[in-house]
Amino acid sequence: MENFNFHVETDIRFGKERLGELPEVLHSFGKNVLLVYGGGSVKKNGLYEKVMNTLDGYTVIELAGVEPNPRIETVTKGAQLCREHQIDVILAVGGGSVIDCSKAIAAGAFVEGDLWENLVLQRQYNGPAIPIVTILTLAATGSEMNRGGVISNMQTQQKLGMGGKNLLPKVSFLDPTNTFTVNAYQTAAGSADIFSHLMENYFNATPGTDVQDGVAEGLMKTVIHNLPIALKEPDNYDARANLMWASTLALNGLTGSGKTGTWSCHAMEHELSAFYDITHGIGLAILTPRWMAHILNETTLPKFARFAKEVWGIQETNQEVAAKKGMQALYDFFLANGVPMTLPEVGIETEKDFEQMAQQAVAHSTISKAAFVPLQQADVVQIYQAARKPSTFI
């Protein structure tokens, strides 16, 4: 295990009927609030009205319409609003896209010039930021308790991660009832995102990380158990609560600290989203089993066999057979829970962009050097190609 710092000071307010605490929380930052939300679901489900009813006495400026893959244009608009209205605090009401966008806005308010060039392309931001408070509506990205975000530039067909020490939300309200109205497709996509965050940290070459791996295995089993329940009973509080908390813990540093290396599937999926604007969690679900099969070798075999045994309960003495059964179990789990598992199902019909996407996946990350198994451009193309048709692994 490597040296690490773990200092994640987000104040988590977990549970139902906590919005009465919002005025007290916001009061410590100031009276001018930028309210950021997405495509209108918060108005349909009544959350918008509940939030606004708590903000009497505050000056509220709204930024609506944040995209599922948040655009740099929306970030720029938000940063301008912050400067024009002297915003004291950003209130992000939504899922990871809204929170990611809010993080970029919080930094962008202090950045001169083009925000794609001067903020996102810099990848790491160490300057000041407007405080962020979140009200989470989707269990998926974990952005409510970490310092990172992902922003898209559709003109350049780029989707890049950025982050900074001052972009960690100050307070996050996690009420599972706010996810009751999330439809089955987005619930499954969010759970695939959670699973991928855990797997990206889990499949890592750093030795001696028993704590991190054991926690990750437990959280993966939590998703396996609770996703089918949430799909069958959308208002099952405990199922939604466990998915929500698993989402937060999957990417707050708990399972990744003490490990070095880089993530593989996210780098490849970001190119799918940049070129085709697909749902992030779905892209991850499609790619991950094919990535596993592509990198299976003598070195990776023991970890894949452990994954099969500890996460899926597969009892198999032959490690190679166990590993492949684990891949099949993951694939079948996503498929059984309504996740499309081929690229044509999400509108990627041809291979025409594969070479360019693969080139950018390598160029925008360190997967060719620091991944669990380093991937070159040709490897990424092969993984994309494998994802064009249904797969079996055993």
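Cut-offs and rules
- Residues numbered from 1 in each chain as written.
- Predicted model: local features only at pLDDT ≥ 70, side-chain atom pairs only at ≥ 80, totals over all residues.
- Heavy atoms only, no water.
- Helix = DSSP H or I, 4+ residues; strand = E, 2+ residues; numbered from the N terminus.
- Rg over C-alpha atoms; globule rule 2.2 N^0.38 Å.
- Buried < 20%, exposed > 50% of the residue type's maximum accessible area, 1.4 Å probe, protein only.
- Contact = heavy atoms within 4.5 Å.
- Areas by Shrake-Rupley, 256 points an atom, 1.4 Å probe, with all protein chains shown as cover.
- Lys, Arg positive; Asp, Glu negative; His and termini not counted.
- Charge placed at Lys NZ, Arg CZ, Asp CG, Glu CD.
- 1 Å grid on protein atoms, 1.4 Å probe; cavity = no way out; pocket = protein on both sides within 12 Å on 5 of 7 lines; lining within 4 Å.
- Points joined across faces, edges and corners; volume = space filled by probe spheres on them.
- Nonpolar A, V, L, I, M, F, W, Y, C, P; charged D, E, K, R; others polar.
- UniProt positions renumbered as here; feature names shortened; annotations may be inferred.
- Pairing = 2+ DSSP bridges.
- Axes fitted to C-alpha atoms, helices over the stretch in contact; angles between N-to-C directions.
- Expected span 1.5 Å × (residues − 1).
- Core = buried A, V, L, I, M, F, W, Y, C linked by side-chain atoms within 4.5 Å.

- An unreviewed UniProt entry annotates the protein chain as NADH-dependent butanol dehydrogenase A originating from Candidatus Enterococcus lowellii.

### Structural notes on the overall build of the protein chain
Line of reasoning, step 1. The helix and strand inventory of the protein chain stands at 15 helices and 9 strands.
Line of reasoning, step 2. Computed over its C-alpha atoms, the radius of gyration of the protein chain comes to 20 Å, within 12% of the 21 Å expected for a compact globule of 394 residues.
Line of reasoning, step 3. Looking at the 394 residues of the protein chain, the share that counts as buried comes to 58%.
Line of reasoning, step 4. Put simply, 78% of the contacts in the protein chain that link residues at least 6 apart link residues at least 24 apart.
Line of reasoning, step 5. Accessible surface, the protein chain as shown: approximately 15900 Å² in total, 49% of it carbon and sulfur.
Line of reasoning, step 6. Measuring between centres, the 30 positive side-chain charges of the protein chain sit 2 Å from its 41 negative side-chain charges.

### A word on empty space enclosed by the protein
Line of reasoning, step 1. A complete count under the given rule lists 2 cavities of 30 Å³ or more for this structure.
Line of reasoning, step 2. In this model, the largest cavity occupies a volume close to 70 Å³.
Line of reasoning, step 3. In this structure, the largest cavity is lined by Leu138, Ala139, Thr179, Val182, Thr187, Ser191, Arg240 and Leu243.
Line of reasoning, step 4. Put simply, the parts of the chain that give the lining of the largest cavity at least two residues each are helix H7 (184-202) and helix H9 (237-250).
Line of reasoning, step 5. Here the lining of the largest cavity is built from residues that sort into 4 nonpolar, 3 polar and 1 charged.
Line of reasoning, step 6. Volume-wise, the second largest cavity comes out at about 50 Å³.
Line of reasoning, step 7. In terms of lining, the second largest cavity is formed by Arg13, Gly15, Arg18, Leu19, Ile135, Phe173, Leu174, Asp175 and Asn178.
Line of reasoning, step 8. Residue composition of the lining of the second largest cavity, by class: 4 nonpolar, 2 polar and 3 charged.

### Observations regarding the UniProt feature "domain: Fe-containing alcohol dehydrogenase-like C-terminal" (unreviewed entry) in the protein chain
Line of reasoning, step 1. On the UniProt side, "domain: Fe-containing alcohol dehydrogenase-like C-terminal" (unreviewed entry) is annotated at positions that read residues 187-387 here.
Line of reasoning, step 2. The distance separating the terminal C-alpha atoms of residues 187-387 is 22 Å; by composition the span is 65% helix and 0% strand.

### Some words on the sheet that holds strand E9 (residues 171-174)
Line of reasoning, step 1. Here 6 strands make up an open sheet; going across it, the order is E1-E9-E6-E4-E2-E3 and the pairing parallel. Edge positions in the open sheet fall to strand E1 (11-14) and strand E3 (59-63), since each of these has one partner strand only. Averaged over neighbouring strand pairs, the angle between their axes works out to 20° when direction is ignored.
Line of reasoning, step 2. Judged from the 5 bridges that link them, strand E4 (residues 89-94) and strand E6 (residues 132-136) form a sheet pairing that is parallel. Bridge pairing in E6 places alanine 92 opposite threonine 134.
Line of reasoning, step 3. The sheet strands contacting helix H5 (residues 96-108) are strand E2 (32-36), E3, E4 and E6, and the helix crosses E4 at an angle near 165°.
Line of reasoning, step 4. This element, H9, spans E1, E6 and E9 of the sheet and lies at about 170° to E1.

### Side note on the pairing of E4
Line of reasoning, step 1. For E4, a buried count of 6 out of 6 residues is recorded, marking the element as mostly surrounded by other parts of the structure.
Line of reasoning, step 2. Every second residue of E4 is oriented toward a common face, with Val89, Leu91 and Val93 on one face and Ile90, Ala92 and Gly94 on the other, all of them buried.
Line of reasoning, step 3. As paired elements, E2 and E4 share 4 bridges and run parallel to each other. Residue pairing in the sheet places valine 33 in a bridge with valine 89 of E4.

### Let's talk about helix H8 (residues 210-232)
Line of reasoning, step 1. Here H8 contains 23 residues, and its C-alpha end-to-end distance of 34 Å stays within 8% of the 33 Å for a straight helix at 1.5 Å per residue.
Line of reasoning, step 2. Burial in H8 covers these residues: Gln212, Asp213, Ala216, Glu217, Leu219, Met220, Val223, Ile224, Asn226, Leu227 and Ala230.
Line of reasoning, step 3. Of the surrounding secondary structure, the elements contacted by the buried residues of H8 are H7, H9, helix H12 (301-312) and helix H13 (319-336).

### Looking at the nonpolar core
Line of reasoning, step 1. Leu34, Phe195, Trp291, Phe307, Trp312 and Tyr384 are the most contacted members of the largest nonpolar core, which totals 110 residues.
Line of reasoning, step 2. Other than its neighbours up to four places away in sequence, tryptophan 291 contacts Phe203, Ser264, Cys265, Met268, Phe372, Leu375 and Ile383.
Line of reasoning, step 3. Judged by nonpolar contacts, the second largest core, of 20 residues, contains Leu19, Leu22, Leu26 and Leu35.

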